[in-house]
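For reference, the chains in residue letters:
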Amino acid sequence: MEALLRVENLGKRFGGFVALESIDLDVAQGERLGLIGPNGSGKSTLVNCISGTLRNETGTVQFDNRRMDGLPPHQRTRLGLARSFQLPKPFHSMTVAENLHVPLLYTVNARHETHLSNAAIDRRVEELLQQVGLAEKSGRRPRDLTQIEMRKLELARAMAAAPKLLIADEAMAGLSNAEVDDILTLLVKLSEQGITVVLIEHIMRAVMSFSQRLVVLVAGRKLADGPPQDVMRNPEVVRAYLGE
Amino acid sequence: MRTWIFWLVAAAVVAGIFGLTRFVTNDYFFFAGYVVLQYVVMATAWNILGGYTGYVNFGTAGFYALGAYSSVVLHKLFEPPMVVLILAGGLVSGVVGLGMGYLTLRLRGVFFAIATLALAIVLETLITNWDYVGGSRGVYIIRPAAAPFFQGGYIQYLFLVMLILAGMAVCVARSIEHSKLGYGLATIRDDELAAETAGVPTLKLKLIATVLSGALMGMAGAPLPYYITYLDPSSAFNLALAVNSIAMPMVGGTANWIGPVLGAVFLATVQQVATVTISSALNLLFVGVILVSFVVIAPNGIIGWFGRGKRRRQG
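Source: prediction; values computed, not measured.

Looking at the sheet that holds strand β3 (residues 32-36) of chain A
All names here are of chain A. In spatial order, the strands read β6-β7-β8-β3-β9-β10; together these 6 strands make up an open sheet with mixed pairing. Two strands bound the open sheet, and with one partner strand each, they are β6 (81-84) and β10 (221-226). Along the sheet, successive strands turn relative to each other by an average axial angle of 15°, direction set aside. Sheet analysis places strand β9 (residues 213-218) next to β10, joined by 5 bridges and oriented antiparallel. When the bridges of β10 are listed, Val-218 appears paired with Arg-221.

A short note on the environment of Thr-229 of chain B
Residues and elements named next belong to chain B. Following the sequence through the fold, Thr-229 ends up in the loop between α10 (224-228) and β2 (230-231). Residue class for Thr-229 comes out partly exposed when judged on the 13 C-beta atoms lying within 10 Å of it. Counting along the chain gives 127 residues from Thr-229 to Tyr-102, while the straight-line C-alpha distance between them is 34 Å. Dropping the residues within four chain positions of it, Thr-229 is found in contact with Tyr-140, Ile-141 and Arg-143.

Some points on unusual backbone geometry
Residues and elements named next belong to chain A. The phi angle at Asp-64 is positive, at roughly 50°, despite the residue not being glycine. Locating Asp-64 in the fold gives a position in the loop between β4 (58-63) and β5 (66-67). The class of Asp-64 is partly exposed, set by 16 C-beta atoms lying within 10 Å. Despite not being glycine, Glu-170 shows a phi value in the positive range, around 45°. With respect to the helices and strands, Glu-170 occurs in the loop between β7 (165-169) and α6 (177-192). For Glu-170, a count of 19 C-beta atoms within 10 Å puts it in the partly exposed group.

Here's the deal with the environment of Glu-21 of chain A
All names here are of chain A. Along the chain, Glu-21 falls in strand β2 (residues 17-28). Residue classification places Glu-21 among the partly exposed residues on the basis of 17 C-beta atoms within 10 Å. Leave out the neighbours within four places in its chain, and Glu-21 touches Gly-11, Gly-220 and Arg-221.

Quick word on the interface of chain A and chain B
Taken residue by residue, the interface counts 26 residues in chain A and 18 residues in chain B. Of all the elements in the fold, those that place two or more residues in the side of chain A that touches chain B are α2 (73-79), α3 (96-106) and α4 (118-132) of chain A. A total of 6 residues in the side of chain A that touches chain B trace back to one element, the largest contributor, which is α3 of chain A. In terms of residue class, the side of chain A that touches chain B is built from 11 nonpolar, 9 polar and 6 charged.

With respect to the nonpolar core
Of all hydrophobic cores here, the largest spans 163 residues; its most connected members are Ala-156, Leu-166 and Leu-199 of chain A together with Val-41 and Ala-65 of chain B. The biggest single contributor to this core is helix α6 (residues 154-177) of chain B, with 14 residues. Filtering out sequence-adjacent residues up to four positions away, Leu-166 of chain A remains in contact with Ala-82, Ala-158, Met-159, Leu-190, Ile-195 and Val-197 of chain A.

Each value, and the rule that gives it
- Residues numbered from 1 in each chain as written.
- Chains lettered and ligands numbered in written order.
- Predicted model: local features only at pLDDT ≥ 70, side-chain atom pairs only at ≥ 80, totals over all residues.
- Pairing = 2+ DSSP bridges.
- Helix = DSSP H or I, 4+ residues; strand = E, 2+ residues; numbered from the N terminus.
- Axes fitted to C-alpha atoms, helices over the stretch in contact; angles between N-to-C directions.
- Buried ≥ 20, exposed ≤ 12 C-beta atoms within 10 Å, placed from the backbone.
- Contact = placed C-beta atoms within 7 Å.
- Nonpolar A, V, L, I, M, F, W, Y, C, P; charged D, E, K, R; others polar.
- Core = buried A, V, L, I, M, F, W, Y, C linked by C-beta atoms within 7 Å.

In short, geometric facts, not functional conclusions.
Structure representation (structure tokens):
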């Protein structure tokens, strides 16, 4: 399968601290990839470098056969690379529905092949809200939402950009078991629609059931990459998580 | 309300106010009214960047003075009509806004505010040392003997000019508020990183906001030399102007176009009345006291009392 996302030799440091060192990562079209690692291992930094909110010092990011180097985040989003944030970042002065208008107006309508009318945008927002189960909250403001609703909004906003690749950065942290299943079902549905999904998560049950392939980052390096069951048996991974 | 209807209503309001002033015989009314209207433009302009986008500009006096001094230059060159002065003032301030935006918009919060304040000081230093426009001595401007189009005194003409400018500024602000651009600016104010990730070209939109805001301030400053007829750097770059332009939207409410208008009319009128009845030195004290009480009692400004203070956006 052809790689949709190709990260080569990517490195990032903050002052003297090496956050990421020569990371190579391929994500195939339509794949469901899990990315795990202890706290501070560089998962979010990697996402930030891929989505363009941080500049990587070395290496390249290639998406959909295009070099991403130097492209600002909004252009990457327009090319089909969407992400959600670990801590939800809703637009708090807008209603839930309006939050979803933004990527439709600024991303979907910025692509040459599409131009949605206002009515079409409204319909699409309605659809998305149905899909994530926030239809009843469409007129509310983010501060009225519960934690899980906030996560759903965060995901819905990333989905509204009609991405080819969705990176979900700890979309389930702090949620209850049932809520985790909710989000998982949602992500599986997206994957079935042909969207490539990279899931960053600490909840192993979720990662193991979702991922077709698992990548482990430890201290800024890629430690393992392969089928989930094999990776979990990898002695180095076990050592990184549990100590010797 | 559709945008073109709003423009018609605004035009009608402008015409109505002007019609009413035809019954005013005291020229002082026009002197005071000019200042109030000028602040409507300034507060509205400030709010485009400060209220909609969330970037606090302390350099308003710089943009305003640029408009005034570009008028001085043009006046010395060939005395063009008022429209040309205003357009030129807007152009100069808009271009400087673009440059300033490009240099400073990667700063956030208080750092951006300091940078804009610094810009105003740099500009003031340049003007103070530029002999052609009078330098620190200032410059006398002899305005045309008669106003074009109508019989009233020149100050009435200036009043009308500022009235039209205020109407236009309000229309521009409202159009932005209800447009895709307004949406984009609001996302920047809420969370810039999330905005960028949602596909909003934040730098571009911030530059548009800075240019529009700066240009409107320049336009507000352009007629100033004809208004005071003697212009020196300390009056053009008056810090009180910057303070007022920030205080007015805060007092009125920054959420939509009507806030700055209410704030400007309220504060500027209080100042004008205080100047003639109590003491001109007390002006800024009033601004301070009112601003502090609003921050405490009505953080959403005057419009907050009417339930419109919540930021409201439409699709």
